[in-house]
Structures are given as structure tokens and as C-alpha cells.
Amino acid sequence: MVSRKHKKDVLHEKLQILRSITNSHATNDSSIIQDASKYIQELKQKVEILNHEVASGQGSSYQNSWPVVTVEAVEKGIQVNLYSERSCPGLLVFILKVFEELSLNVLDARVSCTGSFHLEALGVESEQNGESIDAHIVKQTILQAIENWTENNDHQD
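Keep in mind the model is a prediction, meaning the values are calculated, not measured. (Residues numbered from 1 in each chain as written. Predicted model: local features only at pLDDT ≥ 70, side-chain atom pairs only at ≥ 80, totals over all residues. Heavy atoms only, no water.)

Chemist: Teacher, can you tell me more about the sheet that holds strand β2 (residues 77–84) here?
Modeler: What links the strands of a sheet is backbone hydrogen bonding, and the strands pair in either a parallel or an antiparallel sense. Taken in spatial order, the four strands make up an open sheet running β1-β2-β4-β3, and their pairing is antiparallel. Sheet topology places β1 (68–74) and β3 (104–112) at the edges, where each strand pairs with a single neighbour. Sheet twist, expressed as the average angle between the axes of neighbouring strands with direction ignored, equals 15 degrees. Along the sheet, helix α3 (residues 91–101) makes contact with β2, β3 and β4 (117–125), crossing β4 at roughly 15 degrees. (Pairing = 2+ DSSP bridges. Helix = DSSP H or I, 4+ residues; strand = E, 2+ residues; numbered from the N terminus. Axes fitted to C-alpha atoms, helices over the stretch in contact; angles between N-to-C directions. Contact = heavy atoms within 4.5 Å.)

Chemist: Looking at this structure, how should I read the pattern of salt bridges?
Modeler: Oppositely charged side chains can form a pair if their charged atoms are brought close together. Under the criterion given, the structure shown has two salt bridges. Close ionic contact of K5 with D9 constitutes a salt bridge, the shortest N to O distance being 3.2 Å. Here D9 and K5 lie together in helix α1 (residues 4–21), a separation of four residues that amounts to about one turn. Judged by relative accessible area, K5 falls into the exposed class, the value being 58%. A relative accessible area of 39% places D9 in the partly exposed class. Across the salt bridge formed by R110 and E120, the nearest N and O atoms sit 3.4 Å from each other. Here R110 is found in strand β3, whereas its partner E120 is found in strand β4, with ten residues between them in sequence. A relative accessible area of 55% places R110 in the exposed class. With relative accessibility at 23%, the residue E120 sits in the partly exposed group. (Salt bridge = Lys/Arg side-chain N within 4 Å of Asp/Glu carboxyl O. Buried < 20%, exposed > 50% of the residue type's maximum accessible area, 1.4 Å probe, protein only.)

Chemist: Just to check I follow, could you spell out the state of the cysteines for this structure?
Modeler: Note: disulfide means a covalent bond formed between the sulfur atoms of two cysteine side chains. Inspection of every chain in the model, using the stated rule, returns zero disulfides. C113 provides the cysteine sulfur closest to C88, a residue in no disulfide bond, and the two sulfurs are 8.4 Å apart. Given a relative accessible area of 45%, C113 falls into the partly exposed group. (Disulfide = S-S within 2.5 Å.)

Chemist: What am I meant to see in the confidence of the model for the chain here?
Modeler: Low pLDDT means the predicted atomic positions in that stretch should not be read closely. Looking at the chain, pLDDT values average 83 and 87% of them are 70 or higher. For residues 59–63, every residue scores under 50 in pLDDT, and the model assigns this stretch seven contacts once sequence neighbours within four places are set aside. (pLDDT = per-residue confidence, 0-100.)

Chemist: Before we go on, may I ask you to explain the pairing of β3 in this structure?
Modeler: A regular strand carries its side chains on alternate faces of the sheet. Two strands pair when backbone bridges link them, and β3 and β4 are joined in this way by eight bridges, in the antiparallel orientation. Of the residues in β4, the one forming a bridge with A109 is A121. Counted between consecutive antiparallel strands, the loop separating β3 from β4 contains four residues, among which G115 sits at a positive phi close to 80 degrees.

As C-alpha cells, then:
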């Protein structure tokens, strides 16, 4: 019969493997699982984007790659993660306009624009808004902003 300690050790080892696969920096088990869940959602979105590109005949060329967007309702507000393999000059302005339009105050944000574009932002609802914002609405609005940004860039080229 397998001891309880052995089972616990095996589970801990598997969680550490999951942590390394998902590039998680979390230290406790529940955070590792949450990070893995986010990672899976990001992968699903990448598959969705690639399927869309294949269906529309674009292929997965570097030029046509759309940013990957994940939006999640968290305890403190709305967590937005946006990543693109390419630099996206001007995109941050379009995304921040979404926050303003939806009356979301940026509580915390990290942005990297060197060679690629990566945004992690936590938005909290404005006190004056009163009603709860749905993460799906935020995501759809961000996707529309990306489309507007893309069209804006196409006209400038």
C-alpha cells in the first residue's frame, strides 16, 4: 500500500513539473494550478487565432499575427493579458482607451514593447459606474480596439 507521504511527494513533484511547463513563478499549489489554467486559456486562444488564420488563408506569417488576449475576472477586478510576437507601436493607446471607455481604472500594469508587445494590467471598476463589468465584454472591446489599431496602421503604411 502506498503511503500518504509518498502520494504527497508525487503530487508535489507533478505540481513542480506543471509549474516549470507553464513558466509559473508561483510557490503554493493553488497558484500553480491557477497559472496553469491561464496558460491553457492562452494556448486555446492561440489555437483559435491560428485556426482563424488558416481558414482565412492568411497562414501564420509574422506580419499577420494578431496579439493574444486573455481577460479574466479576478477578486480585485479585471485582469488583462495581451501578447504579440511583434512590436505594436501605438497599440497601448488603443487599449488604454478601452479602459477609459469601460470606466476601468488601471490599478497595476506592466508593459514591454521591446521587440514584442506584452501588457499585463489589472483594471478595477470606477466607483461611479456602479454595475459589474463582464470579462467577456472587456475582451470583445479589446479585440475591437486591436482591429481598429490594425486598420489604422494599414492606412498609414
